[in-house]
Structure formats: structure tokens, C-alpha cells
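Understanding the architecture of this molecule
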Amino acid sequence: MAKMICLPRFAIQALSWFLLTLAVLSFAACLKRGAQKELIVAGSTSIQPFADRWAEIYMTKYPGRIVNVQGGGSSSGIQAARSGAADIGTSSRELKPEEKDLTEIVVARDGLAVIVHPSNPVSDLTISQVRQIFAGEQRSWKDFGGRNRAITVVTREEGSGTRGAFQELVMGKVRITKGAIVEDSNGTVREIVAGDPDSIGYISLGLVNSAVKALNLDGVMPTDANILENRYRLVRPFLFVTKGPAGSEAKEFIDFVLSREGQDLIRKEGLIPVQ
Amino acid sequence: MKKHNLQRNEKFTRLVLLLFAFSAVAILAVITIFIFAEGTPIMFRHGVKKFLFGLDWYPTEESYGLLPMITGSLMVTLGALILGVPFGLACAIFLTEFSSKRLRRVIKPVIELLAGIPSVVYGFMGVVILVPFIRETLGGPGLSVLAASIILGIMILPTVISISIDSLLAVPCAYRDGSIAMGATRWQTVRMVMLPAARSGIIASIILGMGRAIGETMAVIMIAGNAISIPRSILAPVRTLTSNIALEMGYASGEHREALFATGVILFIIIMILNTLANITSARRARKK
């Protein structure tokens, strides 16, 4: 008898593990269906960390409410708002004309800083000079009063909201040079520029630190004050997008985001409030 | 009765194990079908030739040329082999022919430990140490074909060394003894007897190392610079097929996403070719024995 049980023990064990997993999964699924409806906020990965902070405070303030923040990128956020997969879509670029049928609310502004190594003698460029550098037309710092060294251009990957905003605000129809180094986050762009004395890149203004130097553009320093007075030009909106007017739950969250408390939160994180 | 039961249990066990075994095959099949189903339509829509030989990768403007990435992958892989294979082979020859058994017992496991270091750690070391070094001594941005080749060359060492050692050890002792007995020096023995005899195993080790190098993603993204142009020198930045997928995956939607799957299809085909080559050479080795 003992022998008989011995033989297929492994098989039985494996099977029971399998069944156990199934049971747990279905139980979890049941639980989820039983829970109250959650608010889904999805889209731009630039907005995601800030939306996470808002959601966190909002959920502690109103226990029982659930806000689920997801990434995916601006385009997929807008798509999700249209299809109803998300209650609120987030976008870190302006809506395209064909997307204007959706309702948009500006919840914050973010400056884009053009950054170089702190040791770089150049600290002032015009926007058209920046365009020439990123297009690969000007290849030496010497032409801008810097050292006689080749410029290393650092950009973001295709599809990134930050790149989209930079393309729109600086490059227009001109393409960023193919020889540019491509990094996949604000942080790595900053890391590369902080390490290479001849490099130039662009990142969200809130993420500029002492390891890099933000350039003055057209003679205007990238400061919050200059952005509020519309003097600094590289500013992109952070948008919440809904299909038609926001539902009651979504509206409460948006109201919280636009409230003094919500706006103070992002001011501390380095964004420019809209209120 | 008891015997009957035992037999039934045996059958049952066999069935369950068979099911598990086939699930691995099924997973491979599902992945293959999925990649091809997602990736091939766009290739035929825009023309396979444009994908393979197009120079412009502007996925948001519907221009999907993968040639820079294909050459990029091949360049860093070739660079890794040029740097890694002589080192690995030299190490394998030393450990099998010129060192004591005791030394080999210590060194071989240590080399195999290299294989256990996560690739992100290699990438990090590359960014922190190798890239600034190249930038300061050789010029250029540092993030380059050279940096990626060096790091990948180190990453393939364990594969090349341990398989080469195994194939050198598999050569019958009589070969070596015979050669030495005829008055050949150690080096002559290695060069004219051992290496030719172990040739197919060594080739297999190189091809497996190549597979590792071409498939590596994380370390390459961190140190290669990912520019979408064909590099003019080994100091210029470069993008590989794997990094192309990993870099842009996060934001891609629609056709852009399909184009990344198409990148995967091309990578898949290249790796299949390499694996087949490896299988053929090792099959030949098995037949020889």
C-alpha cells in the first residue's frame, strides 16, 4: 500500500500545487469583483510619479476610495480615456487636433531644461542654436564660445513624452540627428550629461540638480517665475483627459488635484502649479 | 490487484510528466507564433527589403529601417568575439595543458561564477569605469561600440572557457601522449594535435558565446549609447536589435509596437541560425566520438 502511494507522489504533489494556485487565483478574482469600483488613471510616465503622490494623499484623506495609477505613455493614456479603459487619461504633450474631442484639464506645467556639464563655459544659447545642435548641423562647442571639442548630443527615445514636447517646442519639423545618444529616462540623460563635459541634453526642469547646468535660452533663465510670466518658452502642460465631462468619482479626484493641497504637493516635487 | 494498481499509477505518472514536458514546448510554440503573428504583417505591408536595408528608423513617421540596428548587433557581437575568444581560448589551453589539476579545480569554478553576475551589474561597471576611461583616453562620447564589445567580451568568457575546456579534456590522452613521445613540445602538441582534435567543440563554444552576446540587452543599453546611425568608428555610439526593442517598448503603440515585434522577428531568425549552427557542429563532434 505504502509503495503504491510512493510512486505517483511527485505527480500528485505537482498537481495539488497547480490546483492550489488556481484556487488562489480564482479567489483573488472574486475578491476583486466584490470590491468597490476603483478609479483608473493611466498614461504619461512623466506624470505617473506625481499622480502616484496625489493618489496616495487622496486615498489617505478619503478612506475607501481607490485610485489606481498606471503608466503606458501619453498616447496610450489618451487612447485609454477614449476607450473607457481608464477613467482619466494623462498626457504630457498637447492634444493633437484629432484628439480635441476629449475633455482636457491642465493640472500642472513642467519646464524643459536644456542641460550641459557644469564645467562647460557656455551658459547661454538661443533656441535656434539649440535646434542646430540637436539637428547635428553644429558639431563643435567652439562655435558657441566654448572649448574646441565635438558636441555629444543626448536625447530621449522615440515615443517619449519629453522627446515629443522637445520636438514640438524646439525642433519643429527638423529631425534630431541620428548620431545622438539615446537614453530611456530623464535620470539616465542627466547621468550621461553629468559625466561627459562635452554633452548636451534635455530633461524635466524639476529634475535638474547640481550635477548639471541648465542653460539660459534666448537670455531667459529657466526659473519658476519666468515660466509663470511666460518668458521661458520650453513649457509643456500636464493634462488630465476624460471622455466627455468627468464622472462624479473622477471629478472629485480632479478637484482634489486642483485644490491648494494638491497643487502644493507638486510644487514641492518641482512642477509649476496652475492655480 | 496490487500489480494492476501499480501499473496504473505508473501510467498516470507518465502522463502527468509528459504534460509538463510538453508545456515547455507549447510555451516556445506560443511565443514563436505570437512574435511572428505580431511582427510579420507590418514587414510585408511596408516591404521586407525596407525593413532589412532601410537606414531611417523614425517609427513615429512610419519609417522603419532596421539596417543600423542589424549592423549594430553584428558589430558589437563581432567585437565581443574578437576580444573574448582569444582570451577565453588562451585560458582554456592554459588550464588544460599547462597548469596542474589542482589549479584548474580552483580557477574553473571562479570563471564560471562570472556567468552568474547579472548583466545590469556589468552595465553599471561599464558606465562607471569603462565609459569614462574610453572618453578620456581615446576620445568620443565613451558610450560606444568599443565599450559594448569589451563588456560583452567579458560576459562571453565563461561560456567560451568552460565549453573549450570540456572539449579539450575530451580529446583522448593517447593523442597528447603520442605527440609528446614523438618529441613535440607542449605548444606544438597544443597547436597541431589538441586544437584540431577539439575543433568542433571550440567552434560550438564560440557560437554559443555569440548567441549570448547578440541577445544581451541590459548591459548594452547602458553602455552602447543607442544612436540610430551606423557607427563610423568603434568610438561611435551604436544601437542593437535587442536594445531597440527594450528602449522603445514602454511608449510604443499601434504600428510602432508592431515594428518592434518585427525587430524581434529578425532577432529571432538570427539567433535561430546561430543555434542551428551550434547544433550542427556539436552533432558532428558527437558523431566523431
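Cut-offs and rules
Residues numbered from 1 in each chain as written. Chains lettered and ligands numbered in written order. Predicted model: local features only at pLDDT ≥ 70, side-chain atom pairs only at ≥ 80, totals over all residues. Helix = DSSP H or I, 4+ residues; strand = E, 2+ residues; numbered from the N terminus. Buried ≥ 20, exposed ≤ 12 C-beta atoms within 10 Å, placed from the backbone. Contact = placed C-beta atoms within 7 Å. Right-handed = clockwise from strand over helix to strand, strands pointing away. Pairing = 2+ DSSP bridges. Axes fitted to C-alpha atoms, helices over the stretch in contact; angles between N-to-C directions. Parallel < 35°, antiparallel > 145°, perpendicular 65-115°, else oblique. Left-handed = near helix turned anticlockwise from the far one by under 90°. Expected span 1.5 Å × (residues − 1). Bend = angle between axes of the 7 residues up to and from the residue. Core = buried A, V, L, I, M, F, W, Y, C linked by C-beta atoms within 7 Å. Nonpolar A, V, L, I, M, F, W, Y, C, P; charged D, E, K, R; others polar. pLDDT = per-residue confidence, 0-100. Domains from an automatic or database assignment.

**Observations regarding the overall build of chain A**
On a plain count of helices and strands, chain A comes out with 10 helices and 11 strands. In chain A, buried positions account for 41% of the 275 residues. Sequence separation of at least 24 residues holds for 73% of the intrachain contacts in chain A that already meet a minimum separation of 6.

**Remarks on the overall build of chain B**
Broken down by element type, chain B carries 12 helices and two strands. Ordering the α and β elements of chain B from the N terminus gives α-α-β-β-α-α-α-α-α-α-α-α-α-α. When its C-alpha atoms are laid out on the principal axes, chain B stretches across 75 × 70 × 35 Å. Relative to its 289 residues, chain B shows a buried fraction of 39%. In chain B, the share of contacts with a sequence separation of at least 24, taken over all contacts with a separation of at least 6, comes to 74%.

**With respect to helix H4 (residues 74–83) of chain A**
In an α-helix, one turn spans 3.6 residues; hence positions three or four apart end up facing the same way. All names here are of chain A. Counting buried positions over the 10 residues of H4 gives eight, a clear majority of the element. Residues of H4 that are buried include every one of Ser74, Ser75, Ser76, Gly77, Ile78, Gln79, Ala80 and Ala81, and no others. Looking at the buried residues of H4, the elements they touch are strand E1 (39–43), strand E2 (67–72), strand E3 (88–91), helix H6 (161–171) and strand E11 (235–242). Looking one or two residues past H4, Gly84 carries a phi angle of roughly 90 degrees, positive in sign.

**With respect to the pairing of E1 of chain A**
Residue and element names in this part refer to chain A. Burial within E1 is extensive, with four of its five residues counted as buried. In this fold, the crossover linking E1 to E2 by way of helix H3 (residues 48–61) has right-handed handedness. Looking at chain direction, E1 and E3 are connected through three bridges and run parallel. Bridge pairing in E3 places Gly43 opposite Thr90.

**A closer look at the packing of helix H5 (residues 119–137) of chain B against helix H6 (residues 145–169) of chain B**
Residue and element names in this part refer to chain B. Here H5 crosses H6 at 140 degrees, and the two axes come no closer than 10 Å. The angle between H5 and H6 falls in the class oblique. The handedness of the crossing between H5 and H6 is right-handed. Each of Ser119, Tyr122, Gly126, Leu130, Val131 and Ile134 in H5 lies in contact with H6, whose residues at this interface are Leu146, Ala147, Ile150, Ile151, Ile154 and Met155.

**Quick word on H6 of chain B**
Residue and element names in this part refer to chain B. With 25 residues, H6 extends 35 Å between its outermost C-alpha atoms, agreeing within 8% with the 36 Å of an ideal straight helix rising 1.5 Å per residue. By the largest-angle criterion, Ile156 marks the main kink of H6, which is about 40 degrees, and a proline, Pro158, follows within four residues. The buried count for H6 comes to 23 of 25 residues, which makes it a mostly enclosed element.

**Focus on the nonpolar core**
Counting 102 residues, the largest nonpolar core has Ala147, Ala148, Ile151 and Ile223 of chain B as its most contacted members. At 16 residues, the largest contribution of residues to this core is made by H6 of chain B. Not counting the four nearest positions on each side in its chain, Ile151 of chain B is found in contact with Tyr122, Gly126, Leu130, Ala219 and Ile223 of chain B. Core analysis: the next-biggest nonpolar cluster, separate from the first, contains 30 residues, Leu39, Val41, Phe50 and Ile78 of chain A among them.

**Quick word on the interface of chain A and chain B**
Contacts between the two partners involve 25 residues from chain A, matched on the other side by 28 residues from chain B. For the side of chain A that touches chain B, the elements supplying multiple residues, two or more each, are helix H2 (9–34), H4 and strand E7 (181–183) of chain A. Grouping the constituent residues of the side of chain A that touches chain B by class yields nine nonpolar, 11 polar and five charged.

**Notes on the confidence of the model for chain B**
For chain B, the mean per-residue pLDDT works out to 90, and 97% of the residues sit at or above 70. Confidence metrics for the complex model read pTM 0.79 and ipTM 0.82.

**A few points about the environment of Thr155 of chain A**
All names here are of chain A. Tracing the backbone shows Thr155 in strand E6 (residues 152–156). For the pair Thr155 and Asn186, spaced 31 residues apart in the sequence, the C-alpha separation amounts to 9.5 Å. Here Thr155 is in contact with Arg163, Ile176, Ala180 and Val182, once residues within four sequence places are set aside.

**A few points about unusual backbone geometry**
Residue and element names in this part refer to chain B. One non-glycine residue, Glu62, lies in the positive phi region at around 60 degrees. Here Glu62 is to be found in the loop between strand E1 (57–58) and strand E2 (63–64). Phi is positive for Asn226, close to 60 degrees, though the residue is something other than glycine. Note that Asn226 resides in the loop between helix H10 (218–224) and helix H11 (241–248).

**A look at the domain arrangement of chain A**
Residue and element names in this part refer to chain A. Taken domain by domain, chain A consists of domain 1 (39–110 + 237–268) and domain 2 (111–228). Each of domain 1 and domain 2 has a C-alpha centre, and the two are 28 Å apart. Each partner contributes to the interface: domain 1 provides eight residues, whereas domain 2 provides 11 residues. Taken together, the residues that form the side of domain 1 that touches domain 2 break down as no nonpolar, five polar and three charged.

**Considerations on the packing of H3 of chain A against helix H10 (residues 260–268) of chain A**
All names here are of chain A. Two elements in contact, H3 and H10, have axes separated by 10 Å at closest approach and are oriented at 140 degrees. By the criterion of interaxial angle, the relationship of H3 to H10 is oblique. Where H3 crosses over H10, the two elements pack in a sense that is right-handed. Along its contact with H3, which presents Phe50, Arg53, Trp54 and Ile57, the element H10 presents Gly262, Leu265 and Ile266. When its residues are assigned to classes, the contact of H3 with H10 shows five nonpolar, one polar and one charged.

**Regarding the environment of Leu55 of chain B**
Residue and element names in this part refer to chain B. Considering the arrangement of structural elements, one finds Leu55 in the loop between helix H2 (48–53) and E1. With 15 C-beta atoms packed within 10 Å, Leu55 lands in the partly exposed category. A sequence separation of 12 residues divides Leu55 from Leu67, and the C-alpha atoms of the two residues are 5.6 Å apart. In contact with Leu55, not counting residues within four places along its chain, are Gly65, Leu67 and Pro68.

**Topic: the environment of Gly43 of chain A**
All names here are of chain A. Looking at the secondary structure, you find Gly43 in strand E1. With 32 C-beta atoms packed within 10 Å, Gly43 lands in the buried category. Between the alpha carbons of Gly43 and Ser76 there is a distance of 6.0 Å; along the sequence they are 33 residues apart. Every residue in contact with Gly43, bar those within four places of it in the chain, is listed here: Gly72, Gly73, Ser74, Ser76, Gly77, Ile78, Ala80, Gly89, Thr90 and Ser91.

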